[in-house]
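One-letter residues, chain by chain:
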Amino acid sequence: MKDVWVYIETENNSIKKVSLELLNEGKKLATKLKGNLVAVYLNKTDLSHEIAKYGAKKIIHLFNNNIEHYDTLIYTNALAEIITEKKPHIILFGATHIGRDLAPRLAAKLNTGLTADCTHLDLDENGLLMQTRPAFGGNIMATIYCPEHIPQMATVRPGVFEMSVPTENIKYEVEKIELKNDKPLIRILDIINKNSLSKDISESNVIVAGGRGLGKPDGFKLLEELAQLLNGCVGASRAAVESGWANPEIQVGQTGKTVKPKIYIACGISGAIQHVAGMKDSKCIIAINKNKDAPIFKIADFGIVGDLYEVIPQLINKLKEEKI
Ligand code: FAD
């Protein structure tokens, strides 16, 4: 049986969006392979019903009441054991911090290959996973195979696949496996909430993104203020990242993150094709640019022609008035 597994990442008992996106894509692969789509997760609390709503008919729930947080060694050992026993054909992970930590360790332990940060997946006529990702700084797209080792493993960029519409009327089976009490080598003392500048932008409903048009690093403080009022987070163009004004973690585009928020506000961003590749599927795009001919206006739902340092403070004041 050529089963496709999706690793379901959880944080504070909620499921990462990318895992649900992967369930939808994994289902297509499993159907083509005539195998099962299997969701596997490690969490103290039972989240199986929520996972099943997004298409998983088989779920493996690994748990241990003493495991509260992600632990590289405990997770790697637990997953390696179950994968060795059940031999899935393909395993997909989100290319998140945890996915990027866990998947390579597992691949090494299972003596198989891993393609990181895929933006497209397909199967060839022999059922081999075609794992496509940008390479050489985004100048080429490389399709990578792992023909001699099973499972074929990939991490996939958040936001590149659509998740399915959840459905309540579902049948699914759950295999619950209690993990033995491995002593963690790391003790977590405290978890400090991230501020919105470093939030995972691919999970956010609102992104306020800044480009070279900000002209200076301090411009991001203004964007941060707007993002906070909208309960969103801040993104950046590559030009802003390369100027050293923003962290590469928040770069949007072909060589950055793919995002699909409800609202994307592009501030001082021209709309180069490589930037647009990462945000064009946002539900509502608002562009603020002083050049009325900037290409970003071609894909914007709403365009404001003007200096962002005049427009954004007005937006902030208006939002503050509304909130009082
Ligand atoms: P610019 O193109 O310089 O645009 C700045 C804009 O700000 C202009 O439109 C200007 O009119 C406006 N402006 C200036 N001052 C103000 C003001 N005061 N108020 C309002 N508007 C103002 N880019 C990405 O973003 N993401 C990627 O992932 C990415 N990957 C790439 C991969 C490859 C292989 C290559 C070759 C390029 C890639 N790029 C990427 C770079 C991309 O081609 C552009 O160079 C980049 O997106 C431009 O960033 P920008 O829009 O911030 O800057």
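Residues numbered from 1 in each chain as written. Predicted model: local features only at pLDDT ≥ 70, side-chain atom pairs only at ≥ 80, totals over all residues. Heavy atoms only, no water.

You'll find the protein chain entered in an unreviewed UniProt entry as Electron transfer flavoprotein alpha subunit apoprotein, with Marinitoga hydrogenitolerans given as the organism. The UniProt entry for the protein chain carries the following comment under Sequence similarities (unreviewed entry): "Belongs to the ETF alpha-subunit/FixB family." (UniProt positions renumbered as here; feature names shortened; annotations may be inferred.)

Q: Please explain the sheet that holds strand β17 (residues 302-305) as it appears in this structure.
A: In any sheet, the strands associate via hydrogen bonds between backbone groups, in a parallel or an antiparallel arrangement. Spatial strand order, β14-β13-β15-β16-β17: five strands in an open sheet with parallel pairing. Sheet topology places β14 (233-236) and β17 at the edges, where each strand pairs with a single neighbour. The mean angle between the axes of side-by-side strands here comes to 20°, regardless of whether they run parallel or antiparallel. Looking at chain direction, strand β16 (residues 284-289) and β17 are connected through four bridges and run parallel. By the bridge assignment for β17, Asn289 is matched with Val305. With respect to the sheet, helix α5 (residues 219-229) is in contact with β13 (206-210), β14 and β15 (263-267), its orientation differing from that of β14 by roughly 140°. (Pairing = 2+ DSSP bridges. Helix = DSSP H or I, 4+ residues; strand = E, 2+ residues; numbered from the N terminus. Axes fitted to C-alpha atoms, helices over the stretch in contact; angles between N-to-C directions. Contact = heavy atoms within 4.5 Å.)

Q: Can you help me understand the pattern of salt bridges in this one?
A: Two side chains with opposite charge may pair up if their charged atoms get near one another. Applying the stated criterion to the full structure yields 23 salt bridges. The shortest N-O distance in the salt bridge between Asp117 and Arg157 comes to 3.8 Å. Of the two residues, Asp117 sits in strand β7 (residues 114-118) while Arg157 sits in the loop between β11 (152-156) and β12 (173-178), which places them 40 residues apart along the sequence. As far as the burial class goes, Asp117 and Arg157 line up, both buried. Between Lys318 and Glu321 there is a salt bridge, and its shortest N-O distance comes to 3.9 Å. Residue Lys318 and its partner Glu321 are both found in helix α9 (residues 308-323); the two are separated by three residues, about one turn of the helix. (Salt bridge = Lys/Arg side-chain N within 4 Å of Asp/Glu carboxyl O. Buried < 20%, exposed > 50% of the residue type's maximum accessible area, 1.4 Å probe, protein only.)

Q: Can you walk me through the pairing of β15 in this structure?
A: Here is the key point about a regular strand: its side chains alternate between the two faces of the sheet. Counting buried residues in β15 gives four out of five residues, a clear majority hidden from the surface. When β13 meets β15, the two strands line up parallel, connected through five bridges. The residue of β15 that forms the bridge with Val208 is Ile265.

Q: Before we go on, may I ask you to explain unusual backbone geometry in this structure?
A: Backbone geometry follows two general trends: most residues other than glycine have a negative phi, and most peptide bonds adopt the trans configuration. For the peptide bond that leads from Ile150 to Pro151, omega is 0°, which places it in the cis range. Even without a glycine there, the phi angle at Lys87 is positive, about 50°. With a relative accessible area of 56%, Lys87 lands in the exposed category. Positive phi values are uncommon outside glycine, yet Asp117 reaches one of about 65°. You can call Asp117 buried: its relative accessible area is 16%.

Q: In this structure, what is going on with helix α1 (residues 17-33)? I would like to understand it.
A: Two residues of an α-helix separated by three or four positions point the same way, owing to the 3.6 residues in each turn. Taking 1.5 Å as the rise per residue, α1 with 17 residues should run 24 Å; its terminal C-alpha atoms sit 25 Å apart, in good agreement. Within α1, 13 of the 17 residues are buried, which leaves it mostly tucked inside the rest of the structure. One or two residues past the end of α1 sits Lys34, with phi positive at roughly 55°. (Expected span 1.5 Å × (residues − 1).)

Q: Would you take a moment to explain the nonpolar core for this structure?
A: As a rule of thumb, soluble globular proteins bury nonpolar side chains together. Ranked by size, the top nonpolar core spans 41 residues in total, and within it Phe220, Leu223, Tyr264, Cys267, Met279 and Ile312 carry the most contacts. Beyond its immediate chain neighbours, meaning those up to four positions away, Cys267 contacts Val208, Ala209, Gly210, Gly211, Leu223, Ile288, Leu308 and Ile312. By size, the runner-up hydrophobic cluster in this structure holds 29 residues, among which are Val6, Leu37, Ala56 and Phe161. (Core = buried A, V, L, I, M, F, W, Y, C linked by side-chain atoms within 4.5 Å.)

Q: Honestly, the site of the ligand in this entry has me stumped. Any pointers?
A: The full set close to the ligand counts 27 residues, and Arg212, Ser237, Thr255, Ser270 and Gln274 are the nearest of them. One of the backbone N or O atoms of Gly213 is found 3.3 Å from a nitrogen atom in the ligand. Interatomic distance of 2.9 Å between a backbone N/O atom of Leu308 and a nitrogen atom of the ligand. When the free accessible area of the ligand is taken as 980 Å², the share hidden by the protein chains comes to 80%. Going through the elements one at a time, α6 (238-242) and α7 (273-276) are the ones with two or more residues in the shell around the ligand. For the shell around the ligand, the per-class residue count stands at five nonpolar, 18 polar and four charged. (Near = heavy atom within 4 Å. Polar contact = N/O pair within 3.5 Å; in protein donor to acceptor, adjacent residues only side chain to side chain. Areas by Shrake-Rupley, 256 points an atom, 1.4 Å probe, with all protein chains shown as cover. Nonpolar A, V, L, I, M, F, W, Y, C, P; charged D, E, K, R; others polar.)

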